[in-house]
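The lines below spell out each chain.
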Amino acid sequence: MATDSSLCILVLLGFLLPLSHCTTSLPKCVVQNLIDVDNITINYNTPSEGQTLVAIQNASAGNFTLKNSAIVTVNATSESNSTHYFFNVSSSSNYTLVVNDTDECYFTTAYASIGDPTCGAQNESDFQLSWTDPSSVTVSVTEVTDSSGRPANFSTSSESGKVVIDGLDSGYSYIVTISMADSDTGIEYSGIELSDDCLTSPTVCNVAGNADLASMIVSKNTSSESVRVTFEFASLTECCSLGVSGATTSDANLFDISPPYNATFLADLNNDGFFTCNLDNATLGLDINFSCDATETTIKGFVASGYSVNSLQLLNSTVTPNGNTFSNLDPENIYTLIFNVTGTGNDIEYIYEQECSTNAMVAPTDLTLTDRTKTSLSVSWSYAPGEAESFALECTPDCGSFNSLPSTPTFYLIENLTEATSYSVSVKSVIGSFSSEAETKTFTTLGDCSVTESNLLTSLTIQLNAPSENEVTPFVQFACRSEYFLNLESQSETYSCVFENTMLEPDIAIPCDATETTIKGFVVSGYVVNSIQLLASNKTQNGSIFENLDPGKSYNMTFHVTEDGNGIEYIYEQECSTHAMVAPTDLTLTDRTKTSLSVSWSYAPGEAESFALECTPDCGSFNALPLSSTFYLIENLTEATSYSVSVKSVIGNFSSEAEIKTFTTLGDCSVEGSDLLTSLTIELNAPSENEVTVIVGPDASTTTVSLRTETNEIASVSSSLAYNLQVRSEYFLNLESQSGSYSCVFDNNTVAVDNAINHNSTETTIGVSIELESGNHVMKSIAVYSESDQKVDSVDGNVASYKFSGLIPGTNYKVKFESESETGIRYVNTLTISTQNIIAPHILQLSPGKTSMTVTWNYTGEAENFILTCSPDCNGENNVSSELRTYAIANLSPNTNYSVSLIAVIGEVNSTVIEQTSQTLIVPKPNDFQVTEVSETSVELSWSYTDNAGDQVQFNVACNSGPSCPSSRNVNSRITTFNDLVPGALYTFECRTVFQGHSSEAETVTFRMDIFQPDLSDLQSKLDNSNRLSLPIVSCDHENQVLSSAIVFWAMGACNGNLNSKTFIDDLNNCSAQFVVDLIEDDVENTVEFGSAVCVKLELYSDANGFEKNASSNQSINLYPDSLASVTCAETSVNSLSFSWSINSGLVNSYKVDFDSTVESVGSEPTNKEYSGLPQGTLYRFTVSAVSNGLEGSPFTVECRTDVEEPGFTVEAVLDGSVYKVNVSLNPISPASDDLQVSFLLMNNTGTCEEIQTTGVLENETMDARTVTPYEFEEVVIPGTTYCVGVLLFTQDPDPKNNSAFETIKIPPIAPVVNVINIGSTSVDLNVVNQQQTAFSKFTYSLGHFPLYSDSLINDRSADTGVGTEAISDLTPGTVYEISVTVEASNGLNETSEAETFHTKPSTPTKVTDNVTSTSCQVTVQSEQIVTHFRHDNDKKIYNFWSGNLQFLGLGSPH
């Protein structure tokens, strides 16, 4: 038995079987391969929850056993209809199936191992099942239930690897049961309930267009963060739940939701599914822009677009809005605005509270007091646009309250004020009982202070700018720019006045003018100067000028002035300063020598008395220098010494600022003559040709070095110094130590040395020589440095020339020449010199062969070696000795351009690349490449070859184009053969010479293969019954024959004459193509007939264009007879059919007819056939075809049905309760078709049935005519009318037949209801109530009465009438009558009502006589009616009346 190692793999992956069980592998159970098994199905949760059922159905009885992983046998627990059932099977194990105790295989009950369906990709109304192996597994959904177990309506759509379950409620969890089929094994799994619930996505809550959710109200107030949502449903079983934390509810359909608000809502709708939706911020209206705009007395509410406003309200307010604006509100008050809006896209109602505040009242601003007099003041203010109704102006004390001032203008004049009195004024805006904040200002009315006009005020002094510039001092200190009130009281009178701003800050302009020693004061007109003083000074004045003052000093001047007109004295202090002394400028040092220096300066006009000149250290003080000379010569200075010189102007004991400059006397620098200067080096021509570099080398531990020009210090360091200096300038060098100091000067000659230097260079050497300009200089060294100042080589000593070698070609070097003067100063000349670039070689010649090339060159440089490179793809880089001038390159390709480059190398430096290109020689191609012999499938090729070089070569022959090209080959000979080529195909072959692995150009030849003769031996079988011949283009023994065209010839008769008809076939593609020739239609020469023998010839051609091939064959065949021109059903009756037919043309031997699956052959004449004894209304199929030479032509079929007889039936009207219905009974029907139908027809008839037949009738119910029982029309017919009843026997398409019969039926009327009303003693009214839809044509009443003591009715009258009410008179009073009514309908039928009894009222009797005694009374009465009894009024007794007299006996006392 075959094994399958996949079992072990499955076991290991699923952990279902022990590893030891893998030692014997079993094949997987594949139903298609099991002979005794039709199918294997695994059903889960059957027969009870948690059990799995395995059912094995087989075509024949067999013995089946299951073994689990523990090799425990599980026998079938039930068998039914050759199906073996195994219960209590594990739902996730492997089982071994044993068939008839011989064949074994395994299968798994773990459906997850073949697919593992899972839910995912949910939308609002659907979710998707997918599984891991879509190629072999199909999944079907069998049941979908909700979490309550209710089945859900759903639809599915499938594609590879997934099933979409649609039509579900959104936002809900579903339990899905599926079945699976594994096409690899043929095993089916059913009853699988997915372990995970499948979810649909909830929709966004929306009332619009939702039949379930009737309304949804969202409300939010200002005092809470929570949102209240109220739901109302059209029908509801149980409500509701909200999937969100923080949601509280006090009612089943009312929820308070706290942030973050998002929630999922769920409602149970009448056991008819669930309503689910999402509540998000947008749905809850949290993004609705509820806003308001306010003024002082109005609030206007706004809602964002997309919402329709239902209403606006103010909480706890009776104010109604005008549109969305509330007016007449209190200013600066908080209101709660309630918005009620509906979302236009979702019909959700939102009730939101929004706090809005009216604005504070706009207060007046810019309160301005103008036009102040002693008794009045003008007040004005500004008012920004507001809603003020008026203004209120208040003046205190006791100057008035001015309310209800109009809103315009905004000013007021306050009058009747008291002179020199302080007041306060304020203004407010007013709206109703509300007023704004007040703006307040104070003022004082005017009252002038004057010394000249007052008896009490004898003097008034105002001291300005004391004690500070912002205060004045009358008697006490007051702030400037204020008003003060002065009150004087005496025994005789009082005096009050006001210091105004102009009095406290008079426009006294008191400037001063100054020089270095004088100050002069000025006062403007309008004031009288009393005195001017300099505070804290004993200086006298000359008029208004103070002289002999100290230069650059500040003085306080006091001005005492009196104002013209009022006698007030003002004391004003003014600070004035003398100018600083004018100092000398432009101090200039000239004519410097080793012992002297000239000093000069400038002096602007000033008050100097002399100049003072100072020279340090210890070089002189020169005071009292006259003003007439601004220069001086300082002498007796020390050589090479630094000095400082300054000059000042002098007035008395005062002197100006000094201008100072420093200088150094001249002195030559010498290393030999100084203990401190241990070395001094001057680098010439570095860093540039206009600069030199000075290097000073004193004792670093003891000496401080400084270097400066004549006026500026350059640098100061504590050790050696290097600095770039200008050529031919003077620089001063100072050295200082504990033991002493040293100073010297670099003059022009010292700094600049013009030495003559010569040099030359090669690729690796530099040669130099130097001629010293000064004879007292000697050479110390020559050194070579790199550009990064790394020393490369040097030579020491008094060497004037030297050659440096081993240098790098094409490189810049610094060469330094160091010499020394007799004073010990060293000089360094630096010169940049470059070695020459490396010399490149010159290629003289490239000498190519077929596969090699020789390179020759010359060279004159110092190269250490050469690098030779060849491209493309030759030998790469080659190191070549510097001694060689030739090199051979091998292993090249013939007829190829190669580029050869050569460079010279010195160290790591390469020369420029020298490159030259040449082509290797060509390999000669073969000659006279041609086809020697060709057949249908093979070709022989040959060629010649001549090579003067006599090289050993091979030849490569390859197929260049054509179908199924053979592989190329290398041959040594000049001939080769290729087999298995495609017949008729066009090929191109090429031949190349191969030399040392390289090929020449190709020589090509193009040819076409021969084609096979067509095989027509089976041509008859290629003819169809329409005489269309499918021609085989090539023989079936040869595939892939290539053809381009064909010609078909044919003619009637044997294949020994001319074939006149022919058809051309173009654009043939391959051997599998079939070409169809219609031997009749395409016979343009009319040489053939239907049913005749024909000769056919087929000629095949390959492509032309110089490569044409052809082949032909012929064969005789017989043609099919012509098709029939017509087949008709000639005659029909209830029990017989007759058929006839005709043929178009051609030869016919007989006809084959088929009637109702009965086939027979008939002669060529006659062409008709009759069949009888057939059931009515039956459809028959009749087929006929012509036969000629044993060939049957195309059949012609017609369907025909026997006729239907006229139906017989009876009809009656039946009263059903209070309505009439019509019943039809159909007579028995003779043998008929099983599709014979009957239809009953009913129509209200206003004419005759014949008329209805001509106008058409209404079709009622259709049923099988053979089994119909008495039929009752469902329609309630109208009483008193006439109907037409029709019965139609018929068949449907094809060839429908029918027959019908009609009968008229009259419907009786319904008896009327009789009411007797208005009963009198001799008359009544008769009311007849019609109980049917149609009116009566007339009715007749019959009236009779009952005689006394008789039950017999005496008919005394009758009458006809056409109306429903009749008055009947001339009746007998007190008589019993019986009346009935007979009605007559329009169809002539009548019906009588039930009888109605009534009593006429009695008339009043007439007393004739009476006989009265003490105990009896006898009365005689006369009446028109029969009197039966009477009543005694006194005792209320009733007495029978037996005659015309009545006697009362035993009455007792009189009555």
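Predicted model, so just to flag it, every value in this text is computed and none were measured.

**Here we look at the overall build of the chain**
Moving on, step 1. Looking only at helices and strands, the chain features 4 helices and 122 strands.
Moving on, step 2. For the chain, the proportion of contacts with a sequence separation of at least 24, taken over those separated by at least 6, is 59%.
Moving on, step 3. Taken as a whole, the chain presents about 73900 Å² of accessible surface, with 44% of it coming from carbon and sulfur.

**A short note on the pattern of salt bridges**
Moving on, step 1. Within the structure shown, the criterion is met by 14 salt bridges.
Moving on, step 2. Its salt-bridge partner being Arg-826, residue Glu-818 comes within 2.6 Å of it at the nearest N-O pair.
Moving on, step 3. According to the relative accessible area criterion, Glu-818 is buried, its value standing at 18%.
Moving on, step 4. According to the relative accessible area criterion, Arg-826 is partly exposed, its value standing at 28%.
Moving on, step 5. Two residues, Arg-1181 and Glu-1199, come together in a salt bridge whose shortest N-O distance is 2.9 Å. Linking Arg-1181 in strand β100 (residues 1179–1188) with Glu-1199 in strand β102 (residues 1196–1201), this pair joins segments that are 18 residues apart in sequence.

**Side note on the side chain of His-998**
Moving on, step 1. Structurally, His-998 is set in strand β87 (residues 998–999).
Moving on, step 2. Engagement of the side chain of His-998 in a polar contact is seen with the backbone oxygen of Leu-892, the distance being 3.0 Å.
Moving on, step 3. Setting aside residues up to four positions removed in sequence, His-998 forms contacts with Thr-851, Leu-892, Ser-893, Pro-894 and Thr-993.

**Observations concerning the state of the cysteines**
Moving on, step 1. Per the counting criterion, the structure on display carries 10 disulfides.
Moving on, step 2. Each disulfide pairs two cysteine sulfurs, and for Cys-959 the partner residue is Cys-965, the sulfurs being separated by 1.9 Å. Handedness here is read from the sign of the S-S torsion; for Cys-959 and Cys-965, about -40°, the answer is left-handed.

**Examining the pairing of strand β82 (residues 939–944)**
Looking along a regular strand, one sees side chains alternate from face to face of the sheet.
Moving on, step 1. Direction of pairing for strand β81 (residues 927–934) relative to β82: antiparallel, over a ladder of 5 bridges. Within the sheet, the bridge partner assigned to Val-934 lies in β82 and is Val-939.
Moving on, step 2. The pairing of β82 with strand β85 (residues 975–978) spans 4 bridges and is classified as antiparallel. Within β85, the residue paired with Leu-941 across the bridge is Thr-976.

**What to know about the packing of aromatic side chains**
Moving on, step 1. Under the definition given, this model contains 34 aromatic pairs.
Moving on, step 2. When the centroid spacing of 5.8 Å and the interplanar angle of 65° are considered together, the rings of Trp-943 and Phe-955 count as edge-to-face. Placement of Trp-943 in strand β82 and of Phe-955 in strand β83 (residues 954–961) is noted, with a sequence separation of 12 residues between them. No difference in accessibility class separates Trp-943 from Phe-955, as the two residues are buried.
Moving on, step 3. Relative to Tyr-1171, the ring of Phe-1139 lies with its centre 6.2 Å away and its plane at 65°, an arrangement referred to as edge-to-face. Taken together, the residues Phe-1139 in strand β96 (residues 1137–1143) and Tyr-1171 in strand β99 (residues 1168–1171) connect sequence positions 32 residues apart. Grouping residues by exposure puts Phe-1139 and Tyr-1171 together as buried.
Moving on, step 4. Three or more aromatic residues joined by ring pairs form one cluster here, namely Phe-1139, Trp-1141, Tyr-1151, Phe-1155, Tyr-1171, Tyr-1180 and Phe-1182.
Moving on, step 5. Taking the ring centre of Tyr-785 as reference, the NZ or CZ of Lys-816 above it sits at 4.7 Å.
Moving on, step 6. Over the face of the ring belonging to Phe-1049 we find Lys-1097, whose NZ or CZ atom lies 5.8 Å from the ring centre.

**Structural notes on the sheet that holds strand β67 (residues 766–771)**
Moving on, step 1. Strand order in the open sheet formed by 3 strands is β66-β67-β70, with antiparallel pairing between adjacent strands. Two strands in the sheet have a free side with no partner beyond their single neighbour: β66 (756–761) and β70 (801–804). Between one strand and the next, the sheet's axes are offset by a mean angle of 15°, whatever the strand orientation.
Moving on, step 2. Across 4 bridges, β67 lies against β70 in antiparallel orientation. Residue Gly-767 lies in a different strand from β70, and its bridge partner there is Lys-803.

**Focus: the nonpolar core**
Moving on, step 1. In this structure, Leu-97 and Val-176 are the most contacted members of the largest nonpolar core, which totals 41 residues.
Moving on, step 2. The contact partners of Leu-97, leaving out residues within four places of it in the chain, are Cys-29, Leu-34, Ile-40, Ile-56, Phe-64, Thr-65, Leu-66, Asp-103, Glu-104, Cys-105 and Phe-107.

**Describing the sheet that holds strand β13 (residues 162–166)**
Picture the strands of a sheet paired through backbone hydrogen bonds; they go either parallel or antiparallel.
Moving on, step 1. The 4 strands lie next to each other as β9-β10-β13-β12, forming an open sheet whose pairing is antiparallel. Looking at which strands have only one partner, the edges of the open sheet turn out to be β9 (118–120) and β12 (155–159). On average, each strand axis in the sheet is tilted by 25° relative to the strand beside it, whichever way the strands run.
Moving on, step 2. In this structure, strand β10 (residues 127–130) lies alongside β13, joined through 4 bridges in antiparallel fashion.

**What about the environment of Asn-403?**
Moving on, step 1. Checked against the element boundaries, Asn-403 lands in strand β34 (residues 400–405).
Moving on, step 2. With relative accessibility at 52%, the residue Asn-403 sits in the exposed group.
Moving on, step 3. Not counting residues up to four positions away in its chain, the partners in contact with Asn-403 are Phe-391 and Ala-392.

**Brief notes about the environment of Asp-366**
Moving on, step 1. Relative to the helices and strands, Asp-366 is located in strand β31 (residues 365–370).
Moving on, step 2. Judged by its relative accessible area of 49%, Asp-366 falls in the partly exposed class.
Moving on, step 3. On a C-alpha basis, the gap between Asp-366 and Ser-380 in space is 8.0 Å, while along the polypeptide they are 14 residues apart.
Moving on, step 4. Here Asp-366 is in contact with Ser-380, Trp-381, Ser-382 and Glu-439, once residues within four sequence places are set aside.
Moving on, step 5. Polar side-chain contacts of Asp-366 include one of 3.4 Å to the side chain of Ser-382.

**Some remarks on the confidence of the model for the chain**
Moving on, step 1. Taken as a whole, the chain shows an average pLDDT of 79; of its residues, 81% reach a score of 70 or greater.
Moving on, step 2. For the stretch residues 1254–1259, pLDDT sits under 50, and the model shows 11 contacts to residues farther than four places along the chain or on other chains.

**Here we look at unusual backbone geometry**
The phi torsion of most residues other than glycine is negative, and most of the peptide bonds are trans.
Moving on, step 1. Residue Pro-872 follows Ser-871 across a cis peptide bond; omega there is 5°.
Moving on, step 2. Note that Pro-872 resides in the loop between β75 (865–871) and β76 (876–881).
Moving on, step 3. The residue after Asp-1293, namely Pro-1294, is reached through a cis peptide bond having omega 0°.
Moving on, step 4. With respect to the helices and strands, Pro-1294 occurs in the loop between β108 (1282–1290) and β109 (1298–1306).
Moving on, step 5. The phi torsion at Asn-636 lies on the positive side, around 65°, for a residue other than glycine.
Moving on, step 6. By secondary structure assignment, the location of Asn-636 is in the loop between β55 (631–634) and β56 (642–651).
Moving on, step 7. You can call Asn-636 exposed: its relative accessible area is 76%.
Moving on, step 8. With a phi angle near 50°, Asp-928 is a residue other than glycine that sits in the positive phi range.

Procedures and definitions
- Note that residues are indexed from 1 along each chain, following the sequence as it is written.
- The predicted nature of this model means local features are confined to residues of pLDDT at least 70 and side-chain atom pairs, given and counted, to a pLDDT of 80 or more, with totals for whole chains, interfaces and linings taken over all residues.
- No hydrogens and no water enter the side-chain calculation; it runs on all heavy atoms of the structure.
- The secondary structure listing takes helices from DSSP runs of H or I that are at least 4 residues long and strands from runs of E that are at least 2 residues long, numbered from the N terminus.
- In this description, contact between two residues means that some pair of their heavy atoms is separated by no more than 4.5 Å.
- Calculation of accessible area relied on Shrake-Rupley with a 1.4 Å probe; when residues are assessed, cover is drawn exclusively from the protein chains displayed.
- For this document, the term salt bridge refers to a Lys or Arg side-chain nitrogen within 4 Å of an Asp or Glu carboxyl oxygen.
- Burial status follows relative accessibility: with a 1.4 Å probe on protein chains alone, a residue under 20% of its type maximum counts as buried, one over 50% as exposed, and anything between as partly exposed.
- The term polar contact refers here to a pair of N or O atoms within 3.5 Å; inside protein, the definition further demands a hydrogen-donor-capable atom paired with an acceptor-capable atom, and it admits residues adjacent in sequence only when both atoms are side-chain atoms.
- Two cysteine sulfur atoms make up a disulfide if the distance between them is within 2.5 Å.
- Whether two strands pair depends on DSSP finding at least two bridges between them.
- Centres within 6.5 Å are what make two rings of Phe, Tyr or Trp a pair, Trp counting through its six-membered ring; a difference in plane orientation under 30 degrees is then read as stacked, over 60 as edge-to-face, and the rest as tilted.
- Either the NZ atom of lysine or the CZ atom of arginine qualifies as a charge over a ring when it sits within 6 Å of the ring centre and within 35 degrees of the ring normal.
- Under this scheme, a helix contributes an axis fitted over its contacting stretch, all axes are lines through C-alpha atoms, and angles between N-to-C directions fall in the 0 to 180 degree range.
- Only buried residues count toward a nonpolar core. Its members are Ala, Val, Leu, Ile, Met, Phe, Trp, Tyr and Cys residues joined through side-chain atoms within 4.5 Å.
- A score between 0 and 100, pLDDT records how confident the predictor is in each residue.

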